[in-house]
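Chain and residue survey
The lines below spell out each chain.
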Amino acid sequence: MRFLLPLLMLLAACDDQFADPADFDGQPRCGAEQYYDLLGKNASVLDKVNLPKSARVLRPDDVITLDYSPDRLTIDTDRSGLISSVTCR
């Protein structure tokens, strides 16, 4: 019971202000739109792409931090090795 109030305060602090992680203040900040053409391609094409230093490529079962960074390009791949999403987060 004593954990209920802190939990409620934590939930109240959560805000659905950003519906799409790639959309921050109306403008993508990490340049994700420049990489949308990679969607559906094999992740091996990333070896030939010049990604920003802060970019991260996430594979299934990768352990990641849950911090939100609108300036960080994040590329997700699926189990078949295809690029499944390109976002700012």
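Conventions adopted
Residues numbered from 1 in each chain as written. Predicted model: local features only at pLDDT ≥ 70, side-chain atom pairs only at ≥ 80, totals over all residues. Heavy atoms only, no water. Salt bridge = Lys/Arg side-chain N within 4 Å of Asp/Glu carboxyl O. Helix = DSSP H or I, 4+ residues; strand = E, 2+ residues; numbered from the N terminus. Buried < 20%, exposed > 50% of the residue type's maximum accessible area, 1.4 Å probe, protein only. Core = buried A, V, L, I, M, F, W, Y, C linked by side-chain atoms within 4.5 Å. Contact = heavy atoms within 4.5 Å. Pairing = 2+ DSSP bridges. Polar contact = N/O pair within 3.5 Å; in protein donor to acceptor, adjacent residues only side chain to side chain. Axes fitted to C-alpha atoms, helices over the stretch in contact; angles between N-to-C directions.

Glancing now at the pattern of salt bridges. In total, this model carries 3 salt bridges according to the counting rule given. Across the pair arginine 79 and aspartate 61 runs a salt bridge, and its minimum N-O distance is 3.0 Å. Separated by 18 residues along the polypeptide, arginine 79 in the loop between strand 2 (73-77) and strand 3 (83-88) and aspartate 61 in the loop between strand 1 (56-58) and strand 2 bring together distant segments of the chain. A relative accessible area of 66% places arginine 79 in the exposed class. Judged by its relative accessible area of 64%, aspartate 61 falls in the exposed class. Where arginine 72 meets aspartate 67, a salt bridge forms, and the shortest distance between an N and an O atom there is 3.6 Å. For aspartate 67, a relative accessible area of 41% gives the class partly exposed.

This part covers the nonpolar core. Core analysis: the largest hydrophobic core is formed by 11 residues, namely Cys30, Ala32, Tyr35, Leu38, Ala43, Leu46, Leu73, Ile75, Ile83, Val86 and Cys88. Where this core is concerned, the elements lending two or more residues are strand 2 and strand 3. Here this core gets 3 residues from one element, more than from any other, and that element is strand 3. Apart from the residues within four sequence positions on either side, cysteine 30 is in contact with Pro70, Asp71, Arg72, Leu73, Thr87 and Cys88.

This paragraph deals with the pairing of strand 3. Within strand 3, 5 of the 6 residues are buried, which leaves it mostly tucked inside the rest of the structure. Strand direction decides the pairing type here: strand 2 and strand 3, joined by 5 bridges, are antiparallel. Along strand 3, the bridge assignment pairs aspartate 76 with serine 85. Linkage of strand 2 to strand 3, two consecutive antiparallel strands, is achieved through a turn of 5 residues, within which glycine 81 is found at a positive phi near 85 degrees.

Turning our attention to the side chain of threonine 87. Mapped onto the fold, threonine 87 is located in strand 3. At 2.9 Å, the side chain of threonine 87 and the side chain of arginine 89 are in polar contact.

With that settled, the discussion passes to the sheet that holds strand 2. Spatially, 1-2-3 is the arrangement adopted by the 3 strands of the open sheet, whose pairing is mixed. Looking along the sheet, the strands with just one partner apiece sit at the ends: strand 1 and strand 3. Put simply, the sheet's adjacent strands are angled 20 degrees from each other on average, direction ignored.

Before going further, it helps to spend a moment on the side chain of arginine 56. With respect to the secondary-structure elements, arginine 56 resides in strand 1. A polar side-chain atom of arginine 56 sits 3.5 Å from the main-chain carbonyl oxygen of arginine 89. Apart from the residues lying within four places of it in its own chain, the contact partners of arginine 56 are Ile64, Thr65, Arg72, Leu73, Thr74, Ile75 and Arg89.

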